[in-house]
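Chain by chain, the residues:
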Amino acid sequence: MTTPTTPPAPPARGRRRAPSRIERAAGRAAALQRPRVLLALLLLLALTCVMLLDGYLRAEVGDDQRVRTGASASDVPDDVLDGGPILSFPGGQATTVSVPDKTIVLTFDDGPDPTWTPQVLEILEKYDVPGTFFLVGSMISRYPGIVEDLVEQGNEVGVHTFTHIDLSYQSEARVTREIEQTQLALAGAAGITTTLFRAPYSSETNAIDNYSWPVYQNLGEDGYTSVFIDTDSDDWKRPGVAKIVEWATPEDDEGASVLFHDSGGERSQTIEALPKYIEKMKAKGYTFTTVSGVMADQQPAGGASAAAGAASGNGLQAAHHKATGTTLYEGKALVAAVAVAEWTMPALSVGLMVVGVAVMGRFGMMLILARRHHRQRNRRRFSWGPPVTGPVSVIVPAYNEKECITATLRSLARSTHPIEIVVVDDGSTDGTAEIAESLGLPNVRVVRQANAGKPAALNNGVRHARYDIVVMMDGDTVFEPDTVRHLVQPFADPGVGAVAGNAKVGNRRTLIGAWQHIEYVMGFNLDRRMYDLLRCMPTIPGAIGAFRREAVLEAGGMSDDTLAEDTDITIALHRAGWRVVYEEHARAWTEAPGSLGQLWSQRYRWSYGTMQALWKHRRSLTDKGPSGRFGRVGMPLVVLFQVVTPVFAPLIDVFTVYSMVFVDFRSALLAWLAVLGVQLGCAAYAFRLDREKYRYLLMMPLQQLAYRQMMYLVLIHSCVTALTGGRLRWQKLKRTGEVGTPAGTG
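Attention in this report is confined to the structure presented alongside it. Just so it is clear, the structure is predicted and the values come from calculations on it, not from any experiment.

With that settled, consider the sheet that holds strand 19 (residues 545–548). If you walk across this open sheet you meet the eight strands as 15-14-13-16-19-18-20-17, and the pairing is mixed. Both edges of this open sheet fall to strand 15 (444–449) and strand 17 (478–479), since each of them pairs with a single strand only. Examined bridge by bridge, strand 18 (residues 496–505) and strand 19 share three bridges and lie antiparallel to one another. Residue A500 lies in a different strand from strand 19, and its bridge partner there is G545. On top of the sheet, helix 15 (residues 454–464) reaches strand 13 (392–398), strand 14 (419–426), strand 15 and strand 16 (469–472); it is set at about 145° to strand 14, its chief contact.

And the structure:
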């Protein structure tokens, strides 16, 4: 669909011509497009960032599941291997602290968890027992409210890395990032940072090896206290409540740092065992404290730990420090970003499921209805009625079509059906009208008008038409000799108001042309067969369409309210009660855009114009009669299949790439190939119906990887323009005249 804008005329000598109103409007529209393209790209970038963030939180992006075992500990000091579970480096010297006798430090790893952590907190509050929770940063950022409650209750928290990986395998930069990101999450969730640290997959100090020891040393130099365990409940094994209580109990009234888990799996046995364990230990005379509580007891009165505890107002939370400045604001930003990702990804997943069902449903509908349409219209006895043999008017709107107008008119001159040809020259400056007149073809009239756009040119042609049936085509389109004859036969049915022809890409030898050829055969013509049977054809292509003159005039002619005047008039005819059908044998060869820039420009206006037309006719949704039928049947199908599904269909590709890179390459690839196989099957059937050669289907995988993504960006661009209230004007595409005589179906 192309509608011209007025090209600048040569300025008068010595003075510059003032731009016309149309030129000024086109300039303003062009100026508005750049920020809208940028906004569309920013939306795509934002989606990518959200997916990567969500994948990082769920350990899909950057995941490392390696766990080191059996390494040597020759570089680790013996007093550390044999020391207590609390390791710090005051003055650069490794020092361990043991838990005093009859004292329990309850520690919980891998949280917070929305199911189990609140139950643990409820038990601790009931028994007035503090806990020390070593939290995973990704979980903190997903459930900040639980962390805030945990701290307010008087419990202590420590860092358990952001993604729960074995730090002994990681670079120093990755270790730093894991710690800093967890601190940011804590700052955003509870407004604090902490000096406590526990490494994932760690246990007692005697398990420290030569690979993990440098990690603890570096963290110690940064002021962190690493916390290990004396007693492991092994609750993650789910051995039963009695075993958990037994394994968590220290021997001979010794003090212990005891490990439980409040996340990382099903923890119902932990929840059942915890109150029994607390009651048992209290009955044996044990007291409960935190890591900071133990360290405070080991410090001389007035020591650093005591001072920190006094500053924090609670010695059991002496490891906590109030987050301020940049750390606090970055933490809140992280938590906010994660909240967006937590909402967006489930919504996208549901959208993906809906789109997947819609896409497969559309393929199924197209195949079933297209087959039925083909069998019905190609039966020997099928007839629209008595043959239509009377002459018809062919309207050719032309604006600067010097490259194409000769081939267009010569193809019409070979028509086997009687026609008159009305060339409406829309203010061309390249001699288009003169070329048309110089051909000396019979039954050709050239009507000149000032540049006013394609709808005005078509309306002018309708006014000058002598016959009751008018055929409309583009100035760059070539008809076969029998095209008009096939196109007008459905008018034997008095209920038919318009007929859509079979538009073909003539310049299909290039890669871009081949991609559009596949789209025309599969996406457009197969769709039209389906819409024909459902009696809700949304668009008669501008390249080839026929109308009852009275139907066009009753509808008010071709409107310039939208950029898709062909969709606009088609919907108007439906609403007026006329039937619109598809004639597959009426073929027209059109010159498709030859560059990505021209393709973007054309499809941008198509998609935006379609949205304009749908919005213009939105009242059909509540109308009665034929208008209401189209509104409640055709309108939803068009919105679903031409707006919603194309916008979200690339989610399949985005999720596929994401899964290939970060989750399971083989499964994701097989799923993508399965979808591609379905599309290839539909395309092959469409090519069979149109008697096209299958060799172009070899380009379909590349089309899915590149071309479809471009169409996705075009549609996003159109949606942004629609939502921001932009108004565009038609722009002329550059023509080469490559489409001469019909190229056949090769």
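On we go.
In a packed pair of helices, the relevant descriptors are the angle between the two axes and the axis-to-axis distance. Look at helix 12 (residues 325–377) against helix 23 (residues 665–689): their axes get within 11 Å of each other, and the N-to-C directions meet at 20°. Between helix 12 and helix 23, the angle falls in the class roughly parallel. You can see that helix 12 and helix 23 cross each other, and the crossing is left-handed. Listed contacts from helix 23 to M360, F363, L367, A370, R371 and H374 of helix 12 are V675, V678, Q679, C682, Y685 and L689. The class makeup of the residues in the contact of helix 12 with helix 23 is nine nonpolar, two polar and one charged.

In this section: the packing of helix 19 (residues 565–575) against helix 20 (residues 596–616). Here helix 19 crosses helix 20 at 25°, and the two axes come no closer than 8 Å. In this view, helix 19 runs roughly parallel relative to helix 20, as classed from their interaxial angle. Crossing of helix 19 over helix 20 shows right-handed handedness. Only T610, A613, L614 and K616 of helix 20 make contact with helix 19, whose side of the interface consists of T567, D568 and I571. By residue class, the composition of the contact of helix 19 with helix 20 is three nonpolar, two polar and two charged.

The subject of this paragraph is the pairing of strand 3 (residues 103–111). In terms of burial, strand 3 is a largely internal element, nine of the nine residues being buried. Judged from the three bridges that link them, strand 3 and strand 11 (residues 287–289) form a sheet pairing that is parallel. Across the sheet, residue V105 finds its bridge partner in strand 11, namely T289. With six bridges connecting them, strand 3 and strand 10 (residues 256–261) associate as parallel partners. Counted as the bridge partner of V105 is S257 from strand 10. Where strand 3 lies against strand 4 (residues 132–135), four bridges are found, and the strand directions are parallel. Within strand 4, the position partnered with F108 by the bridge is F133. On the question of chirality, the crossover connecting strand 3 to the parallel strand 4 by way of helix 3 (residues 117–126) is right-handed.

In this structure the tally under the stated criterion is 26 salt bridges. For D253, the salt bridge goes to K102, with nearest N and O atoms at 3.8 Å. One end of the pair, D253, is in the loop between helix 8 (241–248) and strand 10; the other, K102, is in the loop between strand 2 (95–97) and strand 3, with 151 residues separating them in the sequence. A relative accessible area of 33% means that D253 is categorised as partly exposed. Residue class for K102 comes out partly exposed when judged on its relative accessible area of 30%. Note that K616 is salt-bridged to D561, the shortest N-O span being 3.0 Å. Taken together, the residues K616 in helix 20 and D561 in the loop between helix 18 (549–554) and helix 19 connect sequence positions 55 residues apart. Residue class for K616 comes out partly exposed when judged on its relative accessible area of 32%. Several salt bridges converge on common partners, so that one network encompasses K504, R508, R529, E584, D690 and E692.

Criteria and thresholds
Residues numbered from 1 in each chain as written. Predicted model: local features only at pLDDT ≥ 70, side-chain atom pairs only at ≥ 80, totals over all residues. Heavy atoms only, no water. Pairing = 2+ DSSP bridges. Helix = DSSP H or I, 4+ residues; strand = E, 2+ residues; numbered from the N terminus. Contact = heavy atoms within 4.5 Å. Axes fitted to C-alpha atoms, helices over the stretch in contact; angles between N-to-C directions. Parallel < 35°, antiparallel > 145°, perpendicular 65-115°, else oblique. Left-handed = near helix turned anticlockwise from the far one by under 90°. Nonpolar A, V, L, I, M, F, W, Y, C, P; charged D, E, K, R; others polar. Buried < 20%, exposed > 50% of the residue type's maximum accessible area, 1.4 Å probe, protein only. Right-handed = clockwise from strand over helix to strand, strands pointing away. Salt bridge = Lys/Arg side-chain N within 4 Å of Asp/Glu carboxyl O.

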